Amino acid sequence: DSSDMTDVRNFVKAQYAKPDPKMFGKAKGMNIIYIHLESFQNFLINYKLNGQEVTPYLNSLTHEKGTYYFDHFFHQTGQGKTSDAEFMLENSLFGLPQGSVLTTKAQNTFQSQPAILGERGYDSAVFHGNYKTFWNRDEAYKSFGINHFFDASWYNMNSKDVLNYGLKDKPFFKESIPMFKTLKQPFYAKFITLSNHFPYPISKEDATIGPATTGDSSVDSYFQTARYLDEAVKSFMDYLKQSGLYNHSVIVFYGDHYGISENHKTAMAKIMGTEITPVEEAKLQEVPLIIHVPGTKGGIEHQYGGEIDVLPTVLHLLGVDTKDYIQFGTDLFSKQHSQVVPFRNGDFVSPDVYSLNGKYYNPDTGVTIPKDLEIKNDEKMVQERLSLSDKVVYGDLLRFYTPKGFTPINREKYNYNHIPQ
Ligand code: GP9
Ligand code: MN
């Protein structure tokens, strides 16, 4: 009930991390573009297969001027996979321990990024080459205050361009451009790719790098679909540069979750050149987070963080104060950012300890360590964070609290009906 909301507010207030004044508002008034890198794990960055870079474009982006590459950034998804990643990035609330928020709680009250920005004059749109009902997106997006949803019905879904979950990434980006151009600036836009998805099928013509040779077919072709994604993203970036949007947009790239599950340890040991211990398996849960902020230096950021932290980080870059919002992550650039990263199952990682399945490990040596007071406190904090976030979602608690200056989202205002030409 609403008294739970008091606990939530107190917790969120206590863990609030104030923005670094050097980063706050650095991108005020700029567009924000998210590029969702389907199933993309961080180990792919700078990985060489048979002496060749797998993702040369994304690799180069990690040290381009004005881009921040977070190399200890973890996915925190559960059963909701892609939808959990989207949910965390839009709301800075955790996905649920079971099922997907988008499918089970789509009608809840949220105070999501597209609406927060909408109030500051931003248009908003999501682009995706699958049909709108997948993951119940068409219902959930209304609750997030997303103005336009360009789903598969807007694209040319001819059989040569469709594979696995929908429109292949190259035609997807290409066909998105005319629709993208209709947005009014400043805008929020999200492009959800899908070609790099299990079991990683790819045609001969689309494969521009050979497969790995572990003998595990999905692991082997993962490198080929990742390369395809890299090329698709590069051509979209070329468009952003040539149109001038690149200099007026924060661009966020993120991997949503692992691509290779723990059922493929034998093959992954060959890929990584080391046995996949629990600590190695946890490190494989790193996904890239790359944020381009025009007019800044950029750099490689080593602090630990997770998907829950993206929203406050981005809002602060855009000059939006988050103090009054119920967000369970903290700004990655803040001196007060907590580096304890909860996984959805209650495990957690930090630079000091990996807590995995009831055991505690030194992250550098992989050796188990005794549970000390610090670990106890981290553990308590992680459990509290997850369970309070769950209370918000299960109890639909945001209906009892409206942040200062925020107009509650009216789902009735949105519909994504579209009759294809
Ligand atoms: C499909 C896509 C895949 O629309 O977003 O979702 P996933 O299977 O990765 O959760
Ligand atoms: Mn996914």
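(A) Broad picture of empty space enclosed by the protein. This model, assessed by the stated rule, comprises four cavities of 30 Å³ or more. Here the largest cavity is characterised by a volume of approximately 80 Å³. Forming the boundary of the largest cavity are Val 12, Gln 15, Tyr 16, Ala 17, Pro 312, His 316, Thr 322, Tyr 325, Gln 327, Gly 329, Thr 330 and Asp 331. Mapped onto the lining of the largest cavity, the elements with two or more residues apiece are helix H1 (2–15) and helix H11 (310–317). Across the lining of the largest cavity, the residue classes tally to five nonpolar, six polar and one charged. Size it by volume and the second largest cavity reaches roughly 70 Å³. Together, Leu 163, Asn 164, Lys 168, Ser 195, Pro 201, Ile 202, Asp 206, Thr 225 and Tyr 228 line the second largest cavity.

(B) Up close: the sheet that holds strand E15 (residues 341–342). Reading across from one edge, E15-E16-E17-E18 is the order of the four strands in this open sheet, with antiparallel pairing throughout. Of all strands in the sheet, those bounded by a partner on one side alone are E15 and strand E18 (359–361). Bridge count for strand E16 (residues 348–349) against strand E17 (residues 354–356) is two bridges, and the pairing is antiparallel. The residue bridging Val 349 from the neighbouring strand is Tyr 354, located in E17.

(C) Representation of helix H6 (residues 137–144) within the structure. Counting buried positions along H6 gives seven out of eight residues, so the element sits mostly inside the fold. What H6 keeps buried is the set Arg 137, Asp 138, Ala 140, Tyr 141, Lys 142, Ser 143 and Phe 144. Those residues of H6 that are buried lie in contact with helix H3 (81–91), helix H4 (101–104), helix H5 (113–118), strand E6 (123–128), strand E7 (148–150) and strand E10 (187–192). Of the residues flanking the end of H6, it is Gly 145, one or two places downstream, whose phi is positive at about 75°.

(D) Broad picture of the coordination of the manganese ion (ligand 2). Distances from the manganese ion (ligand 2) to its protein donors, Glu 38 (OE), Glu 38 (OE), Thr 82 (OG1), Asp 256 (OD) and His 257 (NE2), fall within 2.0 to 2.7 Å. For the manganese ion (ligand 2), the six donor atoms are set out with angles of 53 to 166° between them, so the coordination reads as irregular.

(E) Representation of the layout of surface pockets in the model. Put simply, the largest pocket is a space of about 630 Å³. It is helix H10 (residues 278–283) that contributes the most residues to the lining of the largest pocket, three residues altogether. In terms of residue class, the lining of the largest pocket is made up of six nonpolar, ten polar and six charged. Empty space within the second largest pocket amounts to approximately 250 Å³. Forming the boundary of the second largest pocket are 14 residues, of which Asp 20, Lys 22, Met 23, Glu 301 and Phe 333 lie nearest the centre. Grouping the amino acids of the lining of the second largest pocket by side-chain chemistry returns four nonpolar, four polar and six charged.

The rules we used
Residues numbered from 1 in each chain as written. Chains lettered and ligands numbered in written order. Predicted model: local features only at pLDDT ≥ 70, side-chain atom pairs only at ≥ 80, totals over all residues. Heavy atoms only, no water. 1 Å grid on protein atoms, 1.4 Å probe; cavity = no way out; pocket = protein on both sides within 12 Å on 5 of 7 lines; lining within 4 Å. Points joined across faces, edges and corners; volume = space filled by probe spheres on them. Helix = DSSP H or I, 4+ residues; strand = E, 2+ residues; numbered from the N terminus. Nonpolar A, V, L, I, M, F, W, Y, C, P; charged D, E, K, R; others polar. Pairing = 2+ DSSP bridges. Buried < 20%, exposed > 50% of the residue type's maximum accessible area, 1.4 Å probe, protein only. Contact = heavy atoms within 4.5 Å. Donors = N, O, S within 2.8 Å, 3.2 Å for Na, K, Ca; no water. Tetrahedral: all angles 85-135°; square planar, octahedral: opposite > 155°, others 65-115°.

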